[in-house]
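Fold and contact review
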Amino acid sequence: MNARLLPLIGFVGLFALLAFGIHWNTRHEMNEVPSPLIDKPAPEFNLPLLFDPTKTLGSKDLRGKPYLLNVFGSWCPTCQDEHPFLMSEGKSLGIPLIGLDWKDQPDNAKRWLAHFGNPYSTVIADEDGHTGINFGVYGAPETFLVDANGVIRYKHISVLTPRVIEQELKPRIAELLETKQ
Amino acid sequence: MKRIITALLSIVLLGAILTPPAYAIDALPFKDRAQELRFQQLTKQLRCMVCQNESLADSTASLAQDLRRDIFNQMQAGKSDAEIKQWLTSRYSDFVLYDPPLRPSTWLLWFSPLLLVLIGAMVLWRILRRRAQQPLPTTDSGEDW
């Protein structure tokens, strides 16, 4: 082999590596950290309902059928981006869509939902953010698919786009509903 | 002109030297100075999940504040550093630790530098051996120093 070609080969190799890096970056969300809670029991919680704080909803009440837990907050701009997709798709998921109002003032959340519409079957208020922390939430919106046994089966960080709902969420929901029957 | 630049540069440098290290300070009622130091030491080793390039000690993100509060409360409850780290990694994965644990899934991370050094040493050894086999150049290279 001609030794004078070595620098060129080195250059092409480095170029290929960097090009792959750029390609990888555009395809993957680099800030996303896989959750260690996947396929583990969802953390226990029992939180007041946003619209009726005298009542609570807990993880035990939700046992027996799968549900989708969407972590949002009125302070969260990305949640506003996600909101229209929840409005259009939320009702057709076939399972309850529970909203977890995370680290938020209940009044602000109520106003936010009154203004943009309420896609949730139930909204629970996690004012001090502890339940969110137990779920390993670090950037709203985040969405958890929990099965009938209370096990987290899937987590999505950031906006649930129509593509994610169609390609990732709905097949998993269908699978859960099938195994139940 | 040069003098002005020098003066400006020294002001900037002096500022950098004299500024105390910044911590995101919460008013946490520590038991004593030792506990405060332990808290700072621990939160410096933990990553803020929101900013990801900042430690939990430095970050002003609201989640980091909450986590510092929780870590503080766990310290008050007598939890060890290892228990607190375990509490965090069970929620946020090993990614919260700036010092990743040694286990089969992180072997590549830990040992790839050593691997690269070994590969480099092998390449160097082969080159040197090949050179040793070549005849020595004549001492008189014709160059006149």
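These numbers were taken from a predicted model, which means no experiment stands behind them. (Residues numbered from 1 in each chain as written. Chains lettered and ligands numbered in written order. Predicted model: local features only at pLDDT ≥ 70, side-chain atom pairs only at ≥ 80, totals over all residues.)

Now for the overall build of chain A. A tally of regular secondary structure across chain A gives five helices and seven strands. Starting at the N terminus and ending at the C terminus, chain A contains elements arranged as α-β-β-β-α-β-α-β-α-β-β-α. Over its C-alpha trace chain A gives a radius of gyration of 21 Å, far above what one expects of a compact globule, namely 16 Å for 181 residues. Overall, chain A is about 80 × 40 × 30 Å in size when its C-alpha atoms are taken along their principal axes. (Helix = DSSP H or I, 4+ residues; strand = E, 2+ residues; numbered from the N terminus. Rg over C-alpha atoms; globule rule 2.2 N^0.38 Å.)

Let us look at the overall build of chain B. In terms of helices and strands, chain B carries five helices and zero strands. Scanning chain B from its N terminus toward the C terminus, one meets helices and strands in the order α-α-α-α-α. Buried positions account for 14% of the 145 residues belonging to chain B. Look at the contacts in chain B between residues 6 or more apart in sequence, and 43% of them connect residues 24 or more apart. (Buried ≥ 20, exposed ≤ 12 C-beta atoms within 10 Å, placed from the backbone. Contact = placed C-beta atoms within 7 Å.)

All names here are of chain B. For helix 5 (residues 107-133), spanning 27 residues, the distance from its first C-alpha to its last is 38 Å, which sits close to the expected 39 Å at 1.5 Å a residue. In the structure, helix 5 departs most strongly from a straight axis at proline 113, where the bend amounts to approximately 35°. Along helix 5, only zero of the 27 residues are buried, which leaves the element largely exposed. (Expected span 1.5 Å × (residues − 1). Bend = angle between axes of the 7 residues up to and from the residue.)

Nonpolar side chains in soluble globular proteins generally cluster together in the buried interior. Counting 43 residues, the largest nonpolar core has Leu69, Val71, Val137, Phe144 and Val146 of chain A as the members making the most contacts within it. At the level of secondary structure, the elements contributing two or more residues to this core comprise strand 3 (67-72), strand 4 (97-102), helix 3 (106-116), strand 5 (122-126), strand 6 (142-146) and helix 5 (162-180) of chain A together with helix 3 (62-76) and helix 4 (81-92) of chain B. The residues contacting leucine 69 of chain A, other than those within four sequence positions of it, are Ile98, Leu100, Thr143, Phe144 and Val146 of chain A. (Core = buried A, V, L, I, M, F, W, Y, C linked by C-beta atoms within 7 Å.)

Residue-level contacts link 12 residues of chain A with 14 residues of chain B. Looking at the side of chain A that touches chain B residue by residue, the classes come out as five nonpolar, six polar and one charged. (Nonpolar A, V, L, I, M, F, W, Y, C, P; charged D, E, K, R; others polar.)

All names here are of chain A. With mixed pairing, the five strands of this open sheet are ordered in space as 5-4-3-6-7. Only two strands of the sheet have a single partner each, and these edge strands are strand 5 and strand 7 (152-157). When the angles between neighbouring strand axes are averaged without regard to direction, this sheet yields 20°. Inspection of the sheet shows strand 3 paired to strand 4 by five bridges, in the parallel sense. By the bridge assignment for strand 4, asparagine 70 is matched with glycine 99. (Pairing = 2+ DSSP bridges. Axes fitted to C-alpha atoms, helices over the stretch in contact; angles between N-to-C directions.)

On to the confidence of the model for chain B, then. All names here are of chain B. Looking at chain B, the pLDDT average stands at 84 and 85% of residues meet or exceed 70. Looking across chain B, the model is least confident in helix 1 (residues 2-18), with a mean pLDDT of 72, and most confident in helix 5, with 93. The ipTM, which scores confidence in the relative placement of chains, is 0.79 for this predicted complex, and the corresponding pTM is 0.77. (pLDDT = per-residue confidence, 0-100.)

Let's shift gears to the pairing of strand 3 of chain A. A regular strand places its side chains so that they alternate between the two faces of the sheet. All names here are of chain A. Counting buried positions along strand 3 gives six out of six residues, so the element sits mostly inside the fold. In strand 3, alternate side chains face the same way, and those of Tyr67, Leu69 and Val71 on one face and Leu68, Asn70 and Phe72 on the other are all buried. Assessed by its sense of winding, the connection that carries the chain from strand 3 through helix 2 (residues 77-89) to strand 4 is right-handed. (Right-handed = clockwise from strand over helix to strand, strands pointing away.)

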